[in-house]
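Letter by letter, the chains look like this.
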There are 2 protein chains.
Amino acid sequence: MSFERDNIHKMAGYTYGEQPSDDSVVKLNTNENPYPPGPAVQSALAEFKVESLRRYPPALANEFRTAAAELHNVGVENIIATRGGDELLRLLFTTFADLGDIIAVTEPTYSLYPVLAQIQGAEVLSVPLAHDWNLPQDFAETANNANAKMTFVVNPHAPSGTLITTETIRRLAIELNSILLVDEAYVDFISPERQYGCLDLVRDHENVIFLRSLSKGYGLAGIRFGYGIGHATLIEPMLTKTRDSYNLDAISQQLATAAILDQTYAKQTWALVRASRRDLHKALQQRGFDVLPSESNFLLATTPDSGPSAEALYIGLKAQNVFVRFFNVVGMDDKLRITVGTDDENAALLAALDHLSDG
Amino acid sequence: MSFERDNIHKMAGYTYGEQPSDDSVVKLNTNENPYPPGPAVQSALAEFKVESLRRYPPALANEFRTAAAELHNVGVENIIATRGGDELLRLLFTTFADLGDIIAVTEPTYSLYPVLAQIQGAEVLSVPLAHDWNLPQDFAETANNANAKMTFVVNPHAPSGTLITTETIRRLAIELNSILLVDEAYVDFISPERQYGCLDLVRDHENVIFLRSLSKGYGLAGIRFGYGIGHATLIEPMLTKTRDSYNLDAISQQLATAAILDQTYAKQTWALVRASRRDLHKALQQRGFDVLPSESNFLLATTPDSGPSAEALYIGLKAQNVFVRFFNVVGMDDKLRITVGTDDENAALLAALDHLSDG
């Protein structure tokens, strides 16, 4: 006998990247920041009083919300703090998606979206990206014609690293009848020259919400902290009704606040990642990989026709203690997604790749 | 225009106890442990390496699960670690409750259950407790006749502190056709003489799951950590399908594991709370309150007919910086729920009460 709901019984869970416990692994498979959190976060942790843990944490994480609102020049009512970006995504489904509602996404996209849709009993409309990994021109029209309740775009896109421009996001916000979720988990790695930024949309567009995460940009995947920046009418029901009442522990609230207040340190790490990204891109191209221009902290690299398959490389790298991500699905099975590491880590990856093509 | 689902639009959120930021408050309103976490937790926090936070935390919290399984003499497959007990409750709804499914609860009960039911679109069957706050004899029959999908009992009961015996829980497990969730958030404060304990039920009863929390017994409300102990077929879908993929941050996993491994310290605090509970119970009785025997870390006290109303006392105490819980609902509005504090805090409460009855 099973007590599970039918949709849960039928579904498979989210498949996440391997998390080896061995610290010596060159871990370029789950897009973590190669740099640790900065001195401000270190101080916040050192100064945290263990005695205070006997009390419940601030329920709404208002100190963090205030800091985030100032950073992004929006109101506190536009911010919700969540247990990683994943909690925000779940809350969007819980709050806005009824049984059978359509959620429009691109194909490929973040593989968690369809999992959350299955849990909620919502339907996914997958719209294939154009050959250059850009949104099809009629994306908004397609979502509207399907009567989509929510539309999710990842920007910069995962797993390609491609950036949708500010102007395209603005047009989507206006054209879509649905909620528009722009998943900006990797936004911090965009080159400043691209002049990307459209958070001001949340003031006037009641359908717009952005996802941010401290996992990547701030080197804090371990504390599980993200946030939403959205129109107040989207934020309010998640904040006051569907969110678990104390969703964020006291320590992570302190560390997250310290992290976003120290923009100087964060920006240094982003610049380092961009420089390493450029070098790794070149080095992979020199080895015959077809590498997409990436505005994120990872590269999507198509393996050379002549050499071992992507799966063989993935396995061969793992045997040398270098972890990258391989997606065994149509359209992706000739590619590796490689997180940009430190220069030492990237050198270790390249050496391991060279070892495989020599062999 | 609102994008909210109808059931979310119509509902009100969970109303939680006040969390004043002022440390000087005598805070006896949300059942926190009056004692801080012990030296093992303090060491775990001091030794935590901030650098490790750039990586994702262990996805399943297996180190904690292993420690909890050993502590309770069950298998690791019987344990799921959650972001407070609240996340476990939410996961039960998400995983097992379809639209319109019946959830049987007692009346009164933990006020979060109906909120979670509303979010999921499930229906609540509230079965009034007997006058002595015990379960009615035909509770299982009532739930079965309603075709309940899940049945929730809090033991020791909140807000009364009354204990359902081991034998009654065993009978419920056998008689109920539904899932039986025994919410044991306050279990650590039960007098050992009561010989309560029925976790072995999870081996053979595929409908049984217990909720545990580190918020109360371990003085760790601030880290938001709880767990479920249940039959493996109930644990598995929550662990692998409906749980957010990284639901627990790295620091809280370390602290929670350290806390449950140090049973010596924990048991000392429980004994202190029980001693203070006995003294506070007597002192309130001496002041004319009708106080229920409590196996929890709080007392439910009915105000004397002759004096100020419960609401007036609640307000009058708050004006003196002493916070207790007042529920402004039928059947509860002549009562205060008072968390057992340290002896100093309890003395401050009593002095503040005496000041009100003098005035």
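S.K.: Looking at this model, I keep getting lost on the relation of the copies chain A and chain B. Mind explaining?
M.R.: One copy of the chain maps onto the second through a rotation around an axis plus a translation along that axis. Its rotation angle being 180°, the transformation that places chain A on chain B also includes 0.0 Å of axial translation and leaves an RMSD of 0.0 Å. Put plainly, the chains are arranged around a two-fold axis. For chain A, the residue whose C-alpha comes nearest the rotation axis is Ala46 of chain A, separated from it by 3.6 Å.

S.K.: Looking at this structure, how should I read the sheet that holds strand 3 (residues 102–107) of chain A?
M.R.: Strands belonging to one sheet form pairs held by backbone hydrogen bonds; the direction of such a pair is parallel or antiparallel. Residue and element names in this part refer to chain A. Read from one edge of the open sheet, seven strands run 2-8-7-6-5-3-4, paired in mixed fashion. The sheet terminates laterally at strand 2 (79–82) and strand 4 (123–128), the two strands that pair on one side only. Neighbouring strand axes in the sheet, compared pairwise and without regard to direction, differ in orientation by 20° on average. Direction of pairing for strand 5 (residues 150–154) relative to strand 6 (residues 179–183): parallel, over a ladder of five bridges. Across the sheet, residue Val154 finds its bridge partner in strand 6, namely Asp183. The strands touched by helix 3 (residues 62–72) within the sheet are strand 2, strand 7 (208–213) and strand 8 (226–230), with strand 8 carrying the most contacts at an inclination of about 55°. Most of the contacts of helix 4 (residues 84–96) go to strand 2, to which it runs at about 115°, and overall it touches strand 2, strand 3, strand 5, strand 6, strand 7 and strand 8.

S.K.: Quick question: what am I supposed to make of the packing of aromatic side chains here?
M.R.: Between two aromatic rings, the relevant description is the distance of the centres plus the angle of the planes. Following the criterion strictly, the structure yields 20 aromatic pairs over all chains and no others. Measuring from ring centre to ring centre gives 4.9 Å for Tyr186 of chain B and Phe298 of chain B, while their planes differ by 85°; the resulting arrangement is edge-to-face. Highlighted residues: Tyr186 of chain B in the loop between strand 6 (179–183) and helix 8 (201–204) and Phe298 of chain B in strand 10 (residues 298–302), separated in sequence by 112 residues. The same class applies to Tyr186 of chain B as to Phe298 of chain B, namely buried. Taking 5.6 Å as the distance between ring centres and 85° as the angle between the ring planes, the aromatic pair formed by Tyr218 of chain B and Trp270 of chain B counts as edge-to-face. One end of the pair, Tyr218 of chain B, is in the loop between strand 7 (208–213) and strand 8 (226–230); the other, Trp270 of chain B, is in helix 11 (residues 263–286), with 52 residues separating them in the sequence. Across this residue pair, the class does not change: Tyr218 of chain B and Trp270 of chain B are buried. Connected via pairs of aromatic rings, a cluster forms that spans Tyr14, Phe93, Tyr110, Tyr113 and Phe152 of chain A. Here the guanidinium or amino end of Arg337 of chain A rests over the ring plane of Phe298 of chain A, the centre of that ring lying 5.7 Å away.

S.K.: Mind showing me how you'd approach the sheet that holds strand 9 (residues 290–291) of chain B here?
M.R.: All names here are of chain B. Within the open sheet, the three strands sit side by side as 9-10-12. Their pairing is antiparallel. Where the open sheet ends on each side, the last strands, each with one partner, are strand 9 and strand 12 (335–339). Where strand 9 meets strand 10, two bridges bridge the pair, whose relative direction is antiparallel. Bridge assignment links Asp290 to a residue of strand 10, and that residue is Thr302. Sitting on the sheet, helix 11 touches strand 9, strand 10 and strand 12, and the angle it makes with strand 10 is about 10°.

S.K.: Even after reading the chapter, I still don't get the domain arrangement of chain A, so can you show me in this structure?
M.R.: Interface size is often expressed as the accessible area that is lost when the parts come together. Residues and elements named next belong to chain A. Domains assigned within chain A are domain 1 (18–37 + 264–358) and domain 2 (39–261). Taking only C-alpha atoms into account, the centre of domain 1 sits 25 Å from that of domain 2. On the side of domain 2, 26 residues touch domain 1, which itself brings 25 residues to the contact. Taken together, the two surfaces of domain 1 and domain 2 that pack against each other cover about 2,000 Å², and 60% of this comes from carbon and sulfur.

S.K.: Looking at this structure, how should I read helix 11 (residues 263–286) of chain A?
M.R.: Every α-helical turn comprises 3.6 residues, leaving residues that sit three or four positions apart pointing alike. Residue and element names in this part refer to chain A. Between its terminal C-alpha atoms helix 11 stretches 35 Å, which fits the 34 Å expected from 24 residues at 1.5 Å a residue. Close packing links the buried residues of helix 11 with helix 3, helix 10 (250–261), strand 9 (290–291), strand 10 (298–302), strand 12 (335–339) and helix 13 (343–358). Just beyond helix 11, the residue with positive phi is Gly288, at close to 90°.

S.K.: I keep staring at the pattern of salt bridges and nothing clicks. Help me out?
M.R.: For side chains of opposite charge, pairing can occur when their charged atoms come near one another. One pass over the full model with this rule turns up 36 salt bridges over all chains. Where Asp98 of chain A meets Arg5 of chain B, a salt bridge forms, and the shortest distance between an N and an O atom there is 3.1 Å. Here Asp98 of chain A is found in the loop between helix 4 and strand 3, whereas its partner Arg5 of chain B is found in the segment before helix 1 (6–10) on a different chain. Asp334 of chain A is the salt-bridge partner of Lys335 of chain A, the closest N and O atoms lying 2.9 Å from each other.

S.K.: Sorry if this is basic, but what is going on with the pairing of strand 8 of chain A here?
M.R.: Looking along a regular strand, one sees the side chains alternate between the two faces of the sheet. Residue and element names in this part refer to chain A. Taken across its five residues, strand 8 has five buried, putting it largely inside the fold. Of the two faces of strand 8, the one holding Gly226, Gly228 and Gly230 and the one holding Tyr227 and Ile229 are both buried throughout. For strand 7 and strand 8, the ladder comprises five bridges, and the chain directions are antiparallel. Bridging across to strand 8, Leu211 finds its partner in Gly228.

S.K.: Would you mind showing me how to read the interface of chain A and chain B here?
M.R.: On the side of chain B, 82 residues touch chain A, which itself brings 82 residues to the contact. The contact between chain A and chain B buries some 6,500 Å² in all, and 55% of this surface belongs to carbon and sulfur atoms. Interface area lost by chain A to chain B is led by Phe3, Arg54 and Tyr56 of chain A, which between them contribute 14%. On the surface where chain A and chain B come into contact, there are 10 salt bridges. For Glu4 of chain A, the salt bridge goes to Lys241 of chain B, with nearest N and O atoms at 3.1 Å. Breaking the side of chain A that touches chain B down by element, the ones donating at least two residues are helix 1 (6–10), helix 2 (39–47), helix 4, helix 5 (112–120), helix 9 (232–242) and helix 10 of chain A.

S.K.: Teacher, can you tell me more about the side chain of Thr302 of chain B here?
M.R.: All names here are of chain B. Along the polypeptide, Thr302 turns up in strand 10. Given a relative accessible area of 18%, Thr302 falls into the buried group. Excluding anything up to four places from it in sequence, Thr302 contacts Phe289, Asp290, Asp334 and Lys335.

S.K.: Just checking my understanding: could you explain unusual backbone geometry for this structure?
M.R.: A negative phi angle is the norm for most residues apart from glycine, just as the trans form is the norm for most peptide bonds. For the peptide bond that leads from Glu107 of chain B to Pro108 of chain B, omega is 0°, which places it in the cis range. Mapping Pro108 of chain B onto the fold places it in the loop between strand 3 (102–107) and helix 5 (112–120). At the junction of Asn155 of chain B and Pro156 of chain B, the peptide bond is cis and its omega measures out at -5° in the coordinates. Positioned with a positive phi, Arg224 of chain A is a non-glycine residue whose angle comes to about 55°.

S.K.: Mind showing me how you'd approach helix 12 (residues 310–319) of chain A here?
M.R.: All names here are of chain A. Residues Ala310, Leu313, Tyr314, Gly316 and Leu317 constitute the buried set of helix 12. Along its buried surface, helix 12 packs onto strand 11 (322–323), strand 12 and helix 13. Positioned one or two residues after helix 12, Asn321 has a phi angle of 70°, which is positive.

S.K.: For this particular structure, what's the right way to read the environment of Tyr113 of chain B?
M.R.: Residue and element names in this part refer to chain B. With respect to the helices and strands, Tyr113 occurs in helix 5. As for Tyr113 and Gln268, which are separated by 155 residues in sequence, their C-alpha atoms are 32 Å apart. When residues no more than four places from it in sequence are discounted, the contact partners of Tyr113 are Leu89, Phe93, Val105, Phe152, Val154, Leu181 and Asp183.

S.K.: What am I meant to see in the side chain of Arg65 of chain A here?
M.R.: Residue and element names in this part refer to chain A. Within the secondary structure, Arg65 is located in helix 3. Notably, Arg65 is buried but unbridged: the nearest opposite-charge side chain belongs to Glu77, and the N-O separation is 6.6 Å. Setting aside residues up to four positions removed in sequence, Arg65 forms contacts with Leu60, Val76, Glu77, Ile79 and Leu239.

Procedures and definitions
Residues numbered from 1 in each chain as written. Chains lettered and ligands numbered in written order. Predicted model: local features only at pLDDT ≥ 70, side-chain atom pairs only at ≥ 80, totals over all residues. Heavy atoms only, no water. Least-squares fit on C-alpha atoms with pLDDT ≥ 70 in both. Pairing = 2+ DSSP bridges. Helix = DSSP H or I, 4+ residues; strand = E, 2+ residues; numbered from the N terminus. Axes fitted to C-alpha atoms, helices over the stretch in contact; angles between N-to-C directions. Contact = heavy atoms within 4.5 Å. Phe/Tyr/Trp six-rings, centres within 6.5 Å; stacked < 30°, edge-to-face > 60°. Buried < 20%, exposed > 50% of the residue type's maximum accessible area, 1.4 Å probe, protein only. Lys NZ or Arg CZ within 6 Å of the ring centre and 35° of its normal. Domains from an automatic or database assignment. Buried area = accessible area lost by both parts, 1.4 Å probe. Expected span 1.5 Å × (residues − 1). Salt bridge = Lys/Arg side-chain N within 4 Å of Asp/Glu carboxyl O. Lys, Arg positive; Asp, Glu negative; His and termini not counted.

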